[in-house]
Amino acid sequence: DTAVSQTPKYLVTQMGNDKSIKCEQNLGHDTMYWYKQDSKKFLKIMFSYNNKELIINETVPNRFSPKSPDKAHLNLHINSLELGDSAVYFCASSQDGRPNTEAFFGQGTRLTVV
Amino acid sequence: AQKITQTQPGMFVQEKEAVTLDCTYDTSDPSYGLFWYKQPSSGEMIFLIYQGSYDQQNATEGRYSLNFQKARKSANLVISASQLGDSAMYFCAMREGSNAGNMLTFGGGTRLMVKP
């Protein structure tokens, strides 16, 4: 069973469109995240979310918004897509926020904006 | 300021030899965790090893060990007996105890290439 699953794996879309990436974890974890990996492989945190609060990286444009229908899901909505949004987006989860808990990652979604 | 620094963008190692990937970190939080992840060409992120700031001994997981030097704020990954399948990107990451949002902060990564 896949622990953290994202769909779709690949997403090609035109500038200006609105798209969503879904993420589900079956680990019973309390905290979920979205990361962006750019073309130079640098991983940047976008959001951290548990059932109590959403923490947003202040550098993330407000065109990006996470939606959590329940504890096991954290979807990423992107409005008015731009060329610079092209990247690999990773969903992750961890048991809680203690320093000793590792994060489990989904397989990534490669977003290409044309 | 960079919290996690990996100074080796790319490295080669001969198959069956050991290799050390460098990682230095910056934090004033006494409670933190350090992690290493592997990202093969297929793209997934694979957790390798963890070291806690209060751990007295260096972490080991099979062929992976972590050379933790707290005073120097370094947490280097040592891979023994390299295999061709070890060719990948390797990321060092840190989670601080006081970190709002409990996020992992990553270094820029090191690309390891194992030569046959």
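Before going into details, it helps to say that this report is about the structure given with it. These numbers were taken from a predicted model, which means no experiment stands behind them.

Secondary structure assignment for chain A yields 0 helices and 11 strands. Ordering the α and β elements of chain A from the N terminus gives β-β-β-β-β-β-β-β-β-β-β. In terms of C-alpha radius of gyration, chain A reaches 13 Å, essentially the compact-globule figure of 13 Å for 114 residues. Expressed along its principal axes, the backbone C-alpha trace of chain A runs to roughly 40 × 30 × 30 Å. Within chain A, contacts between residues separated by at least 24 positions form 54% of all contacts whose residues are at least 6 apart in sequence. Here chain A has roughly 5,800 Å² of accessible surface; of this, 48% comes from carbon and sulfur atoms.

A word on the state of the cysteines. Disulfides are covalent bonds that link the sulfur atoms of two cysteine residues. All names here are of chain B. Taken as a whole and judged by the stated rule, the model has 2 disulfides over all chains. With its sulfur 2.0 Å from that of its partner, Cys23 forms a disulfide with Cys92. On the sign convention where negative is left-handed, the bridge of Cys23 and Cys92, at about -65° about the S-S bond, is left-handed. In this pair, Cys23 sits in the loop between strand S3 (19-21) and strand S4 (24-25) while Cys92 sits in strand S10 (residues 88-96), placing the two residues 69 residues apart along the sequence. For Cys23, a relative accessible area of 0% corresponds to the buried category.

Conventions we followed
- Residues numbered from 1 in each chain as written.
- Chains lettered and ligands numbered in written order.
- Predicted model: local features only at pLDDT ≥ 70, side-chain atom pairs only at ≥ 80, totals over all residues.
- Heavy atoms only, no water.
- Helix = DSSP H or I, 4+ residues; strand = E, 2+ residues; numbered from the N terminus.
- Rg over C-alpha atoms; globule rule 2.2 N^0.38 Å.
- Contact = heavy atoms within 4.5 Å.
- Areas by Shrake-Rupley, 256 points an atom, 1.4 Å probe, with all protein chains shown as cover.
- Disulfide = S-S within 2.5 Å.
- Buried < 20%, exposed > 50% of the residue type's maximum accessible area, 1.4 Å probe, protein only.

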